[in-house]
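Residues per chain, in single letters:
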2 protein chains.
Amino acid sequence: MRKYSHEEIQESKPSVGNVSEMDRSPFFALLDNVRSMHNVGAIFRTSDAVLLKKLYLCGITAAPPRKEISKTALGADELVPFEYFDDAVEAVKALKAEGVRVVAVELAKGAAVYSDFKWDGPVCYVFGHEVEGISDEVMEEVDDAVYVPMLGRANSLNVATCFGVVMLDALRKIS
Amino acid sequence: MRKYSHEEIQESKPSVGNVSEMDRSPFFALLDNVRSMHNVGAIFRTSDAVLLKKLYLCGITAAPPRKEISKTALGADELVPFEYFDDAVEAVKALKAEGVRVVAVELAKGAAVYSDFKWDGPVCYVFGHEVEGISDEVMEEVDDAVYVPMLGRANSLNVATCFGVVMLDALRKIS
């Protein structure tokens, strides 16, 4: 089979100006204390791919402009709408007040397999710290939880990988 | 909602000995010149999560044991079966000779959306270099190609993120 050339791919892409005017997907994501800026950058890149409505960056999660984020975001940090909150609980409460269903991606009692989880209306997926996961305070506020099956010994995926799995599944659901 | 504690999660996990005896999933993956050992480590971690049958590491892709891989593999580099080939084309030919369908994950002419792609029997997904993608020599040998939709400006996902998206979709298909 033949790969498309760089030129062919570029021709198929919306311009920077057009991306900023496109309808964005009806889902949000929130990062609760994600420590690694490389992970945050990769998450911006995935957020551009799915045209995420908005990315909420909370607590110790770094926000653009930061060169460590740009290194893995490859420009997506200048295209994806984002907002920073010191306190993730405040962000969750603001989303819920606007009618957004808030869903933790976490190994939690009663959590559904991510791919089985159904939603309509606006939804915000929450991702937590690389080691500690989502804080207990945020878990108290969320409406639902979903998890990614882990069949082997590992307890979790890398957070940027997990973000990709859940966001592309969300995109598949609305396609 | 309540997160499971570390102890509850550990109790639900197979032991290291049990993992090595479990039936593994009927799909393989091949890394063609993946440059970053952090990406290779994250890919091992995801491979453990889906109980990948075997991971083929080719060309400049580093193979365990390497401390840079262990840093992101978190032990999965000691659990997931792998094999190193200097030449990815040789690995692809060996797989095809054993009846494995080889599928490039690449923006290629005629490629299917990854989630629409159907298979039965053994399959091996191929992932390429972070910038260059899969080599032309390997593309000439593959049976099919699939791609992950990229709605914004970015041409591709981070390779470890892309690996997670495609592998968890493969797991969903056999579940």
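Relevant structure appears above.
First, a word on what this report is: a plain description of the structure on this page. Fair warning: this is a prediction, and the values are worked out from it, not measured in the lab.

Cut-offs applied
Residues numbered from 1 in each chain as written. Chains lettered and ligands numbered in written order. Predicted model: local features only at pLDDT ≥ 70, side-chain atom pairs only at ≥ 80, totals over all residues. Pairing = 2+ DSSP bridges. Helix = DSSP H or I, 4+ residues; strand = E, 2+ residues; numbered from the N terminus. Right-handed = clockwise from strand over helix to strand, strands pointing away. Least-squares fit on C-alpha atoms with pLDDT ≥ 70 in both. Contact = placed C-beta atoms within 7 Å. Nonpolar A, V, L, I, M, F, W, Y, C, P; charged D, E, K, R; others polar. Expected span 1.5 Å × (residues − 1). Buried ≥ 20, exposed ≤ 12 C-beta atoms within 10 Å, placed from the backbone. Core = buried A, V, L, I, M, F, W, Y, C linked by C-beta atoms within 7 Å. Axes fitted to C-alpha atoms, helices over the stretch in contact; angles between N-to-C directions. Parallel < 35°, antiparallel > 145°, perpendicular 65-115°, else oblique. Left-handed = near helix turned anticlockwise from the far one by under 90°.

**Observations concerning the pairing of strand E3 (residues 82-85) of chain B**
All names here are of chain B. Relative to E3, strand E2 (residues 55-58) runs parallel, the two being bridged by 4 bridges. Among the inter-strand pairings, Leu-57 is bridged to a residue of E3, identified as Tyr-84. At this point the chain moves from E2, through helix H4 (residues 67-73), to the parallel E3, and the crossover so formed is right-handed.

**A short note on the relation of the copies chain B and chain A**
Its rotation angle being 180°, the transformation that places chain B on chain A also includes 0.0 Å of axial translation and leaves an RMSD of 0.0 Å. Read as a symmetry element, the transformation amounts to a two-fold axis. Both copies share a contact surface, since 100% of the interface residues of chain B are interface residues in chain A too.

**A look at the interface of chain B and chain A**
Many descriptions give the size of an interface as the accessible area lost when the pieces come together. Counting residues at the interface gives 50 residues for chain B, matched by 50 residues for chain A. When residues of the side of chain B that touches chain A are traced back to their parent elements, those giving at least two are helix H2 (16-21), helix H3 (37-49) and helix H7 (159-174) of chain B. Here the side of chain B that touches chain A takes 7 residues from H7 of chain B, the largest share from any one element. Taken together, the residues of the side of chain B that touches chain A break down into 30 nonpolar, 11 polar and 9 charged.

**Some words on helix H3 (residues 37-49) of chain A**
In a regular helix each residue adds 1.5 Å, so 13 residues correspond to 18 Å; H3 of chain A covers 19 Å between its end C-alpha atoms and thus fits that length. Buried residues dominate H3 of chain A, accounting for 12 of its 13 residues. Burial in H3 of chain A covers these residues: Met-37, Asn-39, Val-40, Gly-41, Ala-42, Ile-43, Phe-44, Arg-45, Thr-46, Ser-47, Asp-48 and Ala-49 of chain A. Buried residues along H3 of chain A sit against strand E1 (27-32), strand E2 (55-58), helix H4 (67-73) and helix H7 (159-174) of chain A together with H7 of chain B.

**Side note on the nonpolar core**
Grouped together as the largest cluster of nonpolar side chains are 124 residues, with contacts concentrated most on Ala-29, Cys-124 and Val-126 of chain A together with Ala-29, Cys-124 and Val-126 of chain B. In this structure Val-126 of chain A touches Leu-30, Asp-32, Val-102, Val-103, Ala-104, Val-105, Ile-134, Val-138 and Val-142 of chain A, once residues within four positions along its chain are discounted.

**Considering the packing of H3 of chain A against H7 of chain A**
Residues and elements named next belong to chain A. Contact geometry for H3 and H7: axes closest at 9 Å, N-to-C directions at 15°. Between H3 and H7, the crossing angle belongs to the class labelled roughly parallel. Considering the relative orientation of H3 and H7, their crossing is right-handed. Residue-level inspection shows Asn-39, Ala-42, Ile-43 and Thr-46 of H3 in contact with H7, the latter providing Val-159, Ala-160, Phe-163, Gly-164 and Met-167. Among the residues forming the contact of H3 with H7, the class breakdown is 6 nonpolar, 3 polar and no charged.

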